[in-house]
Amino acid sequence: MTEPVRPIEWHQNNIKITGQISPSELRKFASALYVLTERQGYQDMRLDFSGCTSVFESFMLPIVALCEKCQAEGVDIELVLPDDPILAALFRNANWAYYIDPRRYEQSTFEGMQHVPAIRYRNPDEQHAAVDRVINVILSSLSKIDRSGLKALEWSLNEITDNVLNHAQTEHGGFVQATTFAETQNVEFVVADAGIGIPRSLGIQNHDRALENAIKEGVTRDRGSNAGNGLFGSYSVATISGGRFQIHSGNASLLASAGDQLRIVNDRPRIYPGTVVLVRIDCGKEGLLEQALRFGGVKHDPPFDYIERKFEDSTEGEMTFVLKNEAVSVGSREAGKSVKKKITNLLSMNPGSKLHVDLAGVPIVSSSFADEVFGRLFSELGPIGFMKLIDLKNVDRTVQNLIDRAITQRMQNGTERGV
Ligand SMILES: Nc1ncnc2c1ncn2[C@@H]1O[C@H](COP(=O)(O)OP(=O)(O)O)[C@@H](O)[C@H]1O
Ligand SMILES: [Mg+2]
């Protein structure tokens, strides 16, 4: 008889992760790492993912946080990538390989527009930069985003990432990662830390009860300095939008998805020594902010948002889009697609507002980029709409010729095809 494959096995300083890993394996991994490094005192660990065939972000991000902590305490970790080349590429692109084993793997340079790789943040500046990076990817990859849905997401992302700096009591900071789903306007983000965990922070011994309480309105470790709305509001936004919400901390996990009963499951005596929060929000949901963010019965409207901070001018109802800062490159059709999505989102989130596209510092664009952005916008908005809504500023002569040509060609092709 063959032995059933156990997803997490360890022998001496080697932890082997095999097959399809589910998030519930997290605590087995955490206890293996704890036993080997703390109790048996191994200073050099080997994490062998060679036989691993699939993983979840909500499994990998806390592993990254744990490994970072071990390394800071002097443990050397060697990572063996999955044999499966696609999964191995994901380990590199998502920055997991780099954070787990920085001596052997480089930081990811992946610029794909559907994922934000794992980012570590240790202070408010790094936290805000990480949040901005996620919002930028959402604007560049999803269409038909609702302004209030995006604002709700930004609020939640700020709250959950802030909790690490505010409550986790770890100098190693937090990790955030996000994925956008173009077909559904869904965005899922995971935040993980290897800090003290929610039960300890709230001083509640029963971990199930700690998590159940943590998502209640007004529950906080310190009423003097906190409002206790971050987890409650995020849970509401996620479930009301039709998404999902999870917390894994200590030995308990809280799992909620729209339409299903809230579940709390327990892995006693194994613990995850820290906190993982997963939030999935449908950013296409109209009026999400008004419906989901209510504290003390009063609608909560965050004072500002990314769109306002980055694009809206003080002049009533006008926006500025500085191409140099907004485009990954101006040389390819792919880069053009992201810019076009972003501009279309801005126009639809601020109906009727004029958008000044500032092309300062852009000496040249490729014809495919010009076509994908300006050719398409012109044909979708029509000449009058384009003139009313788009104002090109600081355009270099060469770039102007390229844009002119892209628009003319698109018009001619459109006429030939009868569209
Ligand atoms: N990452 C974390 N690490 C430890 N404790 C946390 C973490 N996130 C949340 N908590 C605990 O959950 C409580 C509720 O969090 P939240 O709803 O955001 O309210 P607030 O941050 O205003 O206290 C916090 O007061 C803290 O005790
Ligand atoms: Mg909070």
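Here, every reference points to the structure presented above.
Residues numbered from 1 in each chain as written. Chains lettered and ligands numbered in written order. Predicted model: local features only at pLDDT ≥ 70, side-chain atom pairs only at ≥ 80, totals over all residues. Heavy atoms only, no water.

**Observations concerning the packing of helix 13 (residues 333–349) against helix 14 (residues 367–389)**
Axis angle and axis distance: for two packed helices, these are the angle between their axes and the distance between the axes, and together they describe the pair.
Piece 1. Running from amino to carboxyl end, helix 13 crosses helix 14 at an angle of 25°, the nearest separation of the two axes being 6 Å. The orientation of helix 13 relative to helix 14 falls into the category roughly parallel. Across the interface between the two elements, Arg 333, Ala 335, Gly 336, Lys 337, Val 339, Lys 340, Ile 343, Thr 344 and Leu 347 of helix 13 pack against Ser 368, Phe 369, Asp 371, Glu 372, Val 373, Arg 376, Leu 377, Glu 380, Leu 381 and Leu 389 of helix 14. (Axes fitted to C-alpha atoms, helices over the stretch in contact; angles between N-to-C directions. Helix = DSSP H or I, 4+ residues; strand = E, 2+ residues; numbered from the N terminus. Parallel < 35°, antiparallel > 145°, perpendicular 65-115°, else oblique. Contact = heavy atoms within 4.5 Å.)

**Let's talk about the nonpolar core**
Piece 1. Counting 80 residues, the largest nonpolar core has Leu 231, Phe 245, Ile 247, Phe 321, Ile 343, Leu 355 and Ile 390 as its most contacted members.
Piece 2. The element best represented in this core is helix 14, accounting for eight residues.
Piece 3. The residue makeup of this core includes at least three contributed by each of domain 2 (111–304) and domain 3 (311–414).
Piece 4. What Phe 245 contacts, discounting residues up to four positions off in sequence, is Ile 215, Leu 231, Ser 234, Tyr 235, Ala 238, Leu 254, Leu 255, Ala 256, Val 277, Leu 278 and Val 279. (Core = buried A, V, L, I, M, F, W, Y, C linked by side-chain atoms within 4.5 Å. Buried < 20%, exposed > 50% of the residue type's maximum accessible area, 1.4 Å probe, protein only. Domains from an automatic or database assignment.)

**Notes on the layout of surface pockets**
Piece 1. Size it by volume and the largest pocket reaches roughly 810 Å³.
Piece 2. What lines the largest pocket is a set of 41 residues, and nearest its centre among them are Glu 159, Ile 160, Asp 162, Asn 163 and Gly 230.
Piece 3. Those elements that provide at least two residues to the lining of the largest pocket are helix 5 (124–141), helix 6 (147–167), strand 9 (186–193), helix 7 (198–202), helix 9 (230–241) and strand 13 (272–282).
Piece 4. Looking at the lining of the largest pocket, the element that brings in the most residues is helix 6, giving 11 residues.
Piece 5. When grouped by side-chain class, the residues that make up the lining of the largest pocket number 18 nonpolar, 14 polar and nine charged. (1 Å grid on protein atoms, 1.4 Å probe; cavity = no way out; pocket = protein on both sides within 12 Å on 5 of 7 lines; lining within 4 Å. Points joined across faces, edges and corners; volume = space filled by probe spheres on them. Nonpolar A, V, L, I, M, F, W, Y, C, P; charged D, E, K, R; others polar.)

**Here we look at unusual backbone geometry**
Piece 1. Arg 268 connects to Pro 269 through a cis peptide bond whose omega is 5°.
Piece 2. Take Pro 269: it is sitting in the loop between strand 12 (263–266) and strand 13.
Piece 3. Of note in the backbone geometry, Gln 169 takes a positive phi value of approximately 55° without being a glycine.
Piece 4. The topology assignment puts Gln 169 in the loop between helix 6 and strand 8 (174–181).
Piece 5. The exposure class assigned to Gln 169 is exposed, which follows from its relative accessible area of 63%.

**Remarks on the pattern of salt bridges**
Piece 1. By the definition in use, this model includes 22 salt bridges.
Piece 2. Glu 380 is the partner of Lys 340 in a salt bridge, and the nearest nitrogen-oxygen pair spans 3.1 Å. Of this pair, Lys 340 sits in helix 13 while Glu 380 sits in helix 14, placing them 40 residues apart in sequence.
Piece 3. Overall, the relative accessible area of 11% leaves Lys 340 in the buried class.
Piece 4. Across the pair Arg 376 and Glu 372 runs a salt bridge whose closest N-O atoms are separated by 2.7 Å. Here Arg 376 and its partner Glu 372 are both found in helix 14, four residues apart, which amounts to about one turn of the helix.
Piece 5. The network of salt bridges with shared partners includes Arg 333, Asp 371, Glu 372, Arg 376 and Arg 410. (Salt bridge = Lys/Arg side-chain N within 4 Å of Asp/Glu carboxyl O.)

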